[in-house]
Amino acid sequence: MLFGFFLISVMPKKEILHLQVDANERLRADLHLLRMRRTDGQPMPPMPAGNFVQVRPPQNATTLNRPISVCDCYADYLELLVRRAGAGTDAMCDAQSGTMITVIGPMGNTFSTTATAPLLVGGGVGIAPIFALAKAYAGKGICPVVVFGERTAPAQQIVTKLEKVARVHICTDDGSEGFHGLVTDSPAWNGSFDMVHTCGPLPMMKAVAAKAAAAGISCEVSLENRMACGIGACLCCVEDTTDGRRCVCTHGPVFNTKELTW
C-alpha cells in the first residue's frame, strides 16, 4: 500500500488545459511548430524535459488523443513539434491561429539533469524533447553538446532554437548539411562526456545506447512507443525491462538503458 502511494505521489499532477493556438509555423511540408497559450490567466504547469502531453486533435479528427513530446514550456505558453503522420497530427498541423485545442498534461517522467558534460542526440522529431533538455541544462549554466540527425537539411528554425542553448552538430543522411553520416559517427563523440541522452527512431536510439555502453557512459532514452490511453490501462505501449513489462506512458517515457532488455 505504501509503495502504491509513493508511485502516485511522484507522478506529475495532470491538468486538462484548454489552449488557444497562438502561432502555427510551417517548418517544412510535414513538420509544424505549434505554439499555444492558456487563456484563463494561469501559468502553464511545470513540464520538465521528457514530459509529454495528450492532445485532442481539433474537430475531433481522431477518436483517441495523440501523445506529443513537450518541446518548450514557459509562462502561459506550450510549444509542440508536430510531424504529419495521420488524421490527428494533420488536424494539428492545419490548425489556424485562434483554434482551441484541449491538452492533458504533464504526463510521464523526465530526463535527469545531473550530468556535468552531457551529450544529447536527437533524430527527426525526437529533437523536441532534446531541445527541452538542452534548455534545462543551459538554465543550470551547462552548455550541452547536441547531435541532431536528419535525412536532409533540418529546419533552420529548430537549429536556431538549439544554438541558443547548446553546441550543435548536424548530421544528414544525404550530406546536404553538416556531417554526412550517422549520428553515431559524428565527430562530436570525440569529446569527454558523463551522460548521453537520446530520442528519435528506435534503431538510432539502440545504436546510440550501444555506443555509449561501449564507452562506459550512462545513457537515457526517451521511448516513442505507440500509445492509446496514456494512463497505463490499455497496455498498448508496454516495453520489456529488467523488472518485467512496463507501460512507457506511466513508467517512462525516459528510461536508463540499463533498465531495458535491448
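Every chain is numbered on its own, with residues counted from 1 as its sequence reads. At least 70 in pLDDT is required for a residue's local features to be given in this predicted model, at least 80 for side-chain atom pairs to be given and counted, and no such filter applies to totals for whole chains, interfaces and linings, which use all residues. With hydrogens and water stripped out, all remaining heavy atoms of the structure feed into the side-chain values.

**Student:** Pulling in residues and values, what's your account of helix H4 (residues 156–163)?
**Tutor:** Per-residue accessibility, obtained with a 1.4 Å probe over protein chains only, is compared with the maximum for each type, and a residue is labelled buried under 20%, exposed over 50%, and partly exposed between these values. For the purposes of this entry, the term helix denotes a DSSP run of H or I that reaches at least four residues, the term strand denotes a run of E that reaches at least two, and both are numbered from the N terminus. Where H4 is concerned, the buried positions are Ile158, Val159, Lys161 and Leu162. The buried residues of H4 all sit within an arc of 160° when viewed along its axis, so they share a single face. Arc definition: directions from the helix axis to the C-beta atoms.

**Student:** Describe the packing of aromatic side chains, with residues and values.
**Tutor:** Centre-to-centre distance and the angle between the planes together describe a pair of aromatic rings. Paired rings are identified among Phe, Tyr and Trp, the last through its six-membered ring, by centres lying within 6.5 Å, and are further divided according to the angle between planes into stacked (under 30 degrees), edge-to-face (over 60) and tilted (the rest). A full pass over the atoms with the stated rule returns 1 aromatic pair. Note on Tyr74 and Tyr77: the rings are 5.6 Å apart at their centroids and 20° apart in plane angle, and the pair reads as stacked. Using a relative accessible area of 22% as the deciding quantity, one classes Tyr77 as partly exposed.

**Student:** Residue-level account of unusual backbone geometry, with values.
**Tutor:** Of the consecutive residues Gly105 and Pro106, the connecting peptide bond is found in the cis state with omega at 0°. Geometrically, the link from Gly252 to Pro253 is a cis peptide bond, its omega value of 15° lying close to zero. Here Pro253 lies in the loop between helix H6 (248–251) and strand S15 (254–256). Phi angles above zero are rare outside glycine, and Asn60 is one such case at about 50°. If you trace the backbone, Asn60 turns up in the loop between strand S3 (52–56) and strand S4 (66–74). The phi dihedral of Ala75 falls on the positive side, at around 50°, and the residue is not glycine. Note on placement: Ala75 falls in the loop between S4 and strand S5 (77–83). For Ala75, a relative accessible area of 55% puts it in the exposed group.

**Student:** Quick one: what's the story with the pattern of salt bridges, residue by residue and with numbers?
**Tutor:** Salt bridge criterion: a side-chain nitrogen from Lys or Arg within 4 Å of a carboxyl oxygen from Asp or Glu. The final tally for this structure, using the stated rule, is 12 salt bridges. Ionic pairing is found between Asp30 and Arg28, a salt bridge with its closest N-O pair at 2.6 Å. We classify Asp30 as partly exposed; its relative accessible area is 28%. Through salt bridges that share partners, Asp72, Glu79, Lys135 and Lys161 make up one connected network.

**Student:** Any details on the confidence of the model for the protein chain? Residues and values, ideally.
**Tutor:** A low pLDDT score tells you not to read the predicted coordinates there in detail. The pLDDT score gives, residue by residue, the confidence of the prediction method on a 0 to 100 scale. In this model, the protein chain carries an average pLDDT of 93, and 95% of its residues clear a pLDDT of 70 or more. Two residues qualify as a contact provided that any one of their heavy atoms is within 4.5 Å of a heavy atom in the partner residue. The model gives residues 1–10 a pLDDT under 50, and that stretch makes 0 contacts with residues more than four places away or in other chains.

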